[in-house]
Amino acid sequence: MTAPAAPAPAVPGMVTLSIEGRTVSVLPGTSILEAAKHAGILVPHYCYHPSLPVAGVCRMCLVEVEKFPKLAPACATAVGEGQVVHVHSDKAREARKGVLEFLLINHPLDCPVCDQAGECELQDYTFAEGRKDSRYLEAKRFNPMEDFGGDVLYVPNRCILCTRCVRFMDAVAHEPVLNVSERGDRAYIGRDPGADLTHEWAGNVVDLCPVGALLSKDFLNKARAWELDRTASICPGCSQGCNIMVETRDETVVRLRPRPNADVNVHFMCETGRLDYRWLDRRDRLEYPMVRDGAGLVVTDWNTAVAQAASLVRGAATVAVLASPSLGNEALFVLGDLAGSLGASRAYVLPRGDEKPLPGVKDLALRAERAANHTGAMHLGYTETETPFAGLGTGDVVIVADEHLLARQPLALPAGVTVILFGTVIPAWASHATAVALPICTFAEEEGTFTNLRGRVQRYLQAKTPPALARPSYLVIGELAAALGRPRPAPLASAVFDAMADVTPAFTGLRWAKLGLRGLPVLEPVEAGA
């Protein structure tokens, strides 16, 4: 018979315990539920969320702790030295089975029509640990759907009263407009009659809801969870750089959701970023290279368009570069190198709006700078301006890179100036002066990096196929650079980033492979409050 394993030695300053036979050491004060995560063990739970105050109301996380007189809620019980915890003992599983049975008493069989189906924790835990049949024969309670305002609908029949939404609005958003009304089997989530969820951060309650009780109006009946492809990315809506998941169906973006990153956005994102995705599938996309022929633009091949652009640059009296501060670092680097070889100025126009912080989270806000990479642009030698065409006149050429933010600015192009456009669409203000238009990808169609306002460099991945002949922005700009005698950039964003880090002081020491999906800070970070 094999002798029992010797207990692990204590780690100074840490609490060591055993969970399901696995030894784990965590900081004092850590909950058993969080300690179980460190051990790679999931404790079923509903009301607990790492970014919300502990409530302990769902009773799903009950675990058996040796020498405890009864089962303990893992979310609200701190670890103790030498504890032995059983998550999947018969006693703990039977308790969770009872909790699930109570939760299902009034829960409707809405799975075939519920937007949460396929990613519902009630489905998952019922399948894993619930009863095989129901002993409840009485009629179920019914309450009509309610519009909570903003992008949120409430379906009380599906609600399990975990109170995540109540605690978020109270403790995180500091707008206590929700509560638990009534008691017992009549309880439901109530709303302040004089307020609603028309709030910049209220959409997070939909993400927090573990079941289908809170729904997004924007996503309602749009797709099933198993039909979606999910890709890690970065929100381009402002300089905060929130980590997000881009969810696509049949090459169309249907939803943006927050992705956890404790150094940037914790678990949340604002409504402006969440709902601003339809431009990624615009019907007026620039899909083919185009050159001017008489009064209009005509489709041509890449070689002809690039050669025409190079000829215009060589014959220009003055060349200026105007880039979007929402282009990736890689595109800005290649474009900056081209501008430097031509002696051209490098500028960007920065859209601005009201700053809207999330009060309960430090240094998280919808930023006033409504562009994802203006910090990266500054590090790469670009200058912010409100008059991008000042000093230009007849015979001059302006290279415009990605205009979709510039279209919101009241720009007046001087007469006689020729535009070479790298873009996703042709802006109205430049349509009459564009001589060459080269189609590039949006951030959802290529790989790259953004640098947020605190100097954190973060990767975004390709989520969908670009339309027709559109190519990654750094490659298209590199084609023009090569036609003008500059070295052709590497074909991969990773190689372009590493080349940029080799010659750009702010990015020294960074490597694409080291960034991961949570990013790393540059050498010249911007402190909070600056």
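Look up a bit, the structure's there.
Quick caveat: nothing in here was measured; it's all calculated off a predicted structure.

Caption draft 1: Spotlight on a nonpolar patch on the surface. A cluster of nonpolar side chains, namely Y288, V299 and L469, defines an oily patch on the protein surface of about 270 Å² accessible area. Along the polypeptide, V299 turns up in strand β15 (residues 296-299). Residue classification places V299 among the exposed positions, given a relative accessible area of 54%.

Caption draft 2: Local environment of the sheet that holds strand β2 (residues 22-26). Spatial strand order, β2-β1-β5-β3-β4: five strands in an open sheet with mixed pairing. Strand pairing shows two members of the sheet lacking a second neighbour, β2 and β4 (72-73), which therefore form its edges. Helix α2 (residues 90-104) contacts β3 (62-65) and β5 (84-86) of the sheet and is inclined by roughly 160° relative to β3.

Caption draft 3: Molecular detail of the pattern of salt bridges. Counted by the stated rule, this structure contains 36 salt bridges. Here R158 ties to D110 by a salt bridge, and the two come within 3.0 Å at their closest N and O atoms. In this pair, R158 sits in the loop between β7 (152-154) and α4 (164-172) while D110 sits in the loop between α2 and α3 (121-129), placing the two residues 48 residues apart along the sequence. The class of R158 is buried, set by a relative accessible area of 8%. The shortest N-O distance in the salt bridge between K356 and E200 comes to 3.6 Å. Linking K356 in strand β18 (residues 356-357) with E200 in the loop between β9 (188-191) and α5 (204-208), this pair joins segments that are 156 residues apart in sequence.

Caption draft 4: Geometry of helix α7 (residues 302-314). Between its terminal C-alpha atoms α7 stretches 18 Å, which fits the 18 Å expected from 13 residues at 1.5 Å a residue. Residues of α7 that are buried: W302, A305, V306, A309, A310 and V313. The buried residues of α7 occupy an angular sector of 135° when the element is viewed end-on, so they sit on one face. Exposed and facing more than 90 degrees away from the buried side of α7 are N303 and R314. Its side-chain oxygen at 3.1 Å from the backbone nitrogen of N303, D301 defines the N-terminal cap of α7.

Caption draft 5: Examining unusual backbone geometry more closely. Even without glycine at this site, E20 takes up a positive phi of about 50°. Position of E20 among the secondary structure elements: in the loop between β1 (15-19) and β2. For E20, a relative accessible area of 30% translates into the label partly exposed. Of note, R59 is a non-glycine position whose phi angle comes to about 65°, a positive value.

Each value, and the rule that gives it
Residues numbered from 1 in each chain as written. Predicted model: local features only at pLDDT ≥ 70, side-chain atom pairs only at ≥ 80, totals over all residues. Heavy atoms only, no water. Patch = residues over 30% accessible without salt bridge, like charges linked within 9 Å, V, L, I, M, F, W, Y side chains within 5 Å. Areas by Shrake-Rupley, 256 points an atom, 1.4 Å probe, with all protein chains shown as cover. Salt bridge = Lys/Arg side-chain N within 4 Å of Asp/Glu carboxyl O. Helix = DSSP H or I, 4+ residues; strand = E, 2+ residues; numbered from the N terminus. Buried < 20%, exposed > 50% of the residue type's maximum accessible area, 1.4 Å probe, protein only. Pairing = 2+ DSSP bridges. Contact = heavy atoms within 4.5 Å. Axes fitted to C-alpha atoms, helices over the stretch in contact; angles between N-to-C directions. Expected span 1.5 Å × (residues − 1). Arc of directions from axis to C-beta. Polar contact = N/O pair within 3.5 Å; in protein donor to acceptor, adjacent residues only side chain to side chain.

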